Amino acid sequence: MRSLKKAAAALVIISAAAMYACSEESPRLRSNFNEGWRFILADGSGASQSDFDDSGWRLLDLPHDWSIEGDFSEANPATPGGGALPGGIGWYRKTFSVDEDKRDKLYYIEFDGVYRNSEVWINGNYLGKRPYGYSSFRYELTPWLKYGEEKNIIAVRVDNSQQPNSRWYSGSGIYRNVWLVSTEKTAVDHWGVFVTTPSVNEQNALVRIETRIKGGTAAAATVSLVTSIYDADKRQVASATVNDLVLADTLTSITQEVTVEDPLLWSDREPNLYRVVTEIIIGKRVADSYETVMGIRSFEFDPSRGFILNGVETKILGVCNHHDLGFLGAAVNTRAIERQLELLKEMGCNAIRTSHNPPAPELLDLCDRMGFIVMDEAFDMWKKSKTLYDYSLNWDEWHRRDLEDMVLRDRNHPAVFIWSIGNEIYEQWDSTGIPMARELAGIVRNLDETRPVTSGCNEPYPWNYIIKSGALDLIGFNYHDSLWVRFPEVFPGSSFIASETTSALATRGSYDMPSDSVRRWPYRWDAPLTEGNDDFSCSSYDNCSAPWGSTHEESWRLIKAYDYLSGMFIWTGFDYLGEPTPYGWPARSSYFGIIDLAGFPKDAYYMYQSEWTDKPVLHLFPHWNWNPGQTVDIWAYTNCDEVELFLNDRSLGVQKKKDNDLHLTWSVPFEAGTMTAVGKKEGAEILRTEIKTSGEPAGIIITPDRQTIKADGTDLSFVSVTVVDKDNNPVPYADNLITFAVEGDATIAGVDNGSQVSMESFRADHRKAFHGKCLMVLRAGKSRGAATVTASSEGLKSAVTTIQIR
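Everything numeric in this text was worked out from a predicted model, so none of it was measured.

## Regarding the overall build of the protein
Along the protein, the regular secondary structure elements total eight helices and 46 strands. Relative to its length of 806 residues, the protein is compact, with a C-alpha radius of gyration of 27 Å against a globular reference of 28 Å. By its C-alpha atoms, the protein is 90 × 65 × 55 Å across when sized along the principal axes. Taken across its 806 residues, the protein has 62% of its residues classed as buried. For the protein, the proportion of contacts with a sequence separation of at least 24, taken over those separated by at least 6, is 70%. Carbon and sulfur atoms form 47% of the exposed surface of the protein, whose accessible area is close to 30100 Å². Distance from the positive charge centre (80 side chains) to the negative charge centre (110 side chains) of the protein: 2 Å.

Written out as structure tokens, the structure reads:
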């Protein structure tokens, strides 16, 4: 898309759970292939062969990340930057059968992602290798399948032994979902439907559907392509038919156009979706049925007005996120991803950058349904390496295939608005960046001209060779916020996106005073990680950032002030494993998140909530346990007009919020008791919040995020634990060891407390509280009933909750 004006696209989600019809009568079957794999963390000869004895291997279900099961160690070759967890080589094997009467079908195995250097065999026959750990791919199994009582063996070798190969935690293994797909010989090709809308308005939307059909029948037959569009109430709103098709032996591409009247548009606030059903009919028989979900919207990036969605100027309020799920590791879990998105949506976030790789399909499915704008990113490096064994070693052979597969897989998602061809690419500093950027942008545009191409540039000047190439539709700034206000002058006629911003540092519950003194730390980006606080913490007052970055307030003030600044992607939404700037070992996870690794919001979360949402917000911090007489900086994040602060019912004054205020502050000598904040709008009280001085730990409060979960073997309930005193006040410094017990058909999926330096195992039945909190995640079994969770600690009153599994 060379022009960013009036770009419109009706785009498609391909749901991992519901892309295809799955009844026994369906001509296309897509079965979850996750259960019953054998695994060993070792290399060995012969494991690819059918007669290999794997009976001594561990039995498990996918998705699986073996690294998260290991021990933290500075000696692990991933280094603390990669999470300080082990890599290695692992093998997976699965036995399955195919009915005798299915010989006329074609069979495929689909991997959503394997980290990394995967090799696959079927019945001892080699299918191929895929180095990039973030690509989705498939192999056809048909020529080597056995039927009836004969068994089939899939074997997968995964090699993540050469490390470091990533600048963050990657995980290891078959960490995304696997699917077994069967079709007739005449069928829609892999990722074979592409839906766009050349024009959209409130009255109608022109929908263009391009379908690639794989031909496979030599017999003369009448072949028809029928495409129908349904709304959320299952009412057909448009259809088109092409009859008497003559199919080529390989692929035939057919374009159809229909009009949807009075369309319900997709947006971040109202993510309306439609469903497209593509049917191939031979004679009177349905030979294939391929189902997608579509969202209709129009958008543009304007050099002066910023981002415009469905005709409305809209700020992109986004975060960057790595792919790991914190203490659950890299293994994909739909509920865990959904919880992250729920927390971000509650904050007011409306956008995600998939930093810095193609994401799991489940993330994009959820973004479609929940209303998130996505920057879909391909690579963290091109041919020039960033770590010793990274993707640069595979660049020449694989970059075209990996980029094409990302675009083909994701181009139908209504949530995807921007393609990023790279992040902080080293070729931006020499002339090789020009042809490489043009090649990559050309690959993208050959498959999709409806979205702009960008790159996250950490040298965002006109002399940047990637920018000089002219390949970018959006100029992506990583940091350099002092240049934001000069963007129209430096890049006249161009459109802007803050592809990466902020890099503020914080530990939940830690506070360094004076709060108005900002610490840039370490003193420069390439300096050795230096000694800092003895407890390896960073202040949560929003007064600490990396030297290349800024505080939350500094970045947001600028994005908020100028219309042409279309939006921002903050580094990061969540803490993640690895990259523990500004510290070295024993820190092993990041400090950048607005939300900590366990999913507990840090204080800055409420600054964004007060700015990015319409809900009333009054967040008062820090805690009120200090030394007698110590002067404490009290902050309030609020969207009230004014706040009055009281200490033990004594007024400490009113602070009125001015236009550029992002927090209100008081300096208060500590005395034990109750701090109360009263928020008013137009003179009327609308909010009241308080914090109390707590006594010694006396009890536990446990709070599940959901009291009812599904009996599917994968659903989760996130159970938060707060240590309280005898009056149920949270104890901010509590570090009691909490032990969990579960009764019923459920297991403990993981535990955490958000501390960046904890060496405790994530796979345990206990966890020390950190600043008064910790978390246990309950995984449902497959039996209906109830699971009882008990949290206990020596000297504290235990807590019990019951979670229904249905």
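## Remarks on the confidence of the model for the protein
Atom-level detail of predicted coordinates should not be read off regions where pLDDT is low. On average, the protein scores 94 in pLDDT, and the residues at 70 or more come to 95%. Per-residue pLDDT stays below 50 along residues 1-24; that stretch engages in 100 contacts with residues further than four places along the chain or on separate chains.

## A few points about the sheet that holds strand β10 (residues 152-160)
Taken in spatial order, the six strands line up as β4-β3-β5-β10-β7-β8 in an open sheet, and their pairing is antiparallel. Of all strands in the sheet, those with a lone pairing partner are β4 (58-60) and β8 (125-130), marking the two edges. On average, each strand axis in the sheet is tilted by 25° relative to the strand beside it, whichever way the strands run. Of the pairings in the sheet, the one linking strand β5 (residues 88-96) to β10 comprises nine bridges and is antiparallel in character. Bridged to Thr95 within β10 is Ile153.

## Quick look at the packing of aromatic side chains
One pass over the structure, following the stated rule, counts 50 aromatic pairs. An aromatic cluster is present here, built from Tyr115, Tyr132, Tyr134, Phe379, Trp382, Tyr391 and Trp395 joined pairwise through their rings. For the cation-ring pair, Arg297 lies above Phe417, with the distance from its terminal atom to the ring centre recorded as 4.1 Å. The cationic tip of Arg411 hangs over the ring face of Phe194; the distance from NZ or CZ to the ring centre is 4.1 Å.

## A word on helix α8 (residues 604-612)
Burial of α8 is extensive: eight of the nine residues sit out of reach of the surface. Here α8 has its buried residues at Ala604, Tyr605, Met607, Tyr608, Gln609, Ser610, Glu611 and Trp612. The inward-facing, buried residues of α8 contact β21 (316-321), α1 (334-347), α7 (552-561), β30 (565-571) and β32 (631-638).

## Topic: the environment of Ala711
For Ala711, the location among the structural elements is in the loop between β39 (708-709) and β40 (716-724). Ala711 sits 596 residues away from Tyr115 along the chain, and the two C-alpha atoms are 29 Å apart. Those residues in contact with Ala711 that lie beyond four places of it in its chain are Ala780, Gly781, Lys782, Ser783, Arg784, Ile805 and Arg806.

Rules behind the numbers
- Residues numbered from 1 in each chain as written.
- Predicted model: local features only at pLDDT ≥ 70, side-chain atom pairs only at ≥ 80, totals over all residues.
- Heavy atoms only, no water.
- Helix = DSSP H or I, 4+ residues; strand = E, 2+ residues; numbered from the N terminus.
- Rg over C-alpha atoms; globule rule 2.2 N^0.38 Å.
- Buried < 20%, exposed > 50% of the residue type's maximum accessible area, 1.4 Å probe, protein only.
- Contact = heavy atoms within 4.5 Å.
- Areas by Shrake-Rupley, 256 points an atom, 1.4 Å probe, with all protein chains shown as cover.
- Lys, Arg positive; Asp, Glu negative; His and termini not counted.
- Charge placed at Lys NZ, Arg CZ, Asp CG, Glu CD.
- pLDDT = per-residue confidence, 0-100.
- Pairing = 2+ DSSP bridges.
- Axes fitted to C-alpha atoms, helices over the stretch in contact; angles between N-to-C directions.
- Phe/Tyr/Trp six-rings, centres within 6.5 Å; stacked < 30°, edge-to-face > 60°.
- Lys NZ or Arg CZ within 6 Å of the ring centre and 35° of its normal.

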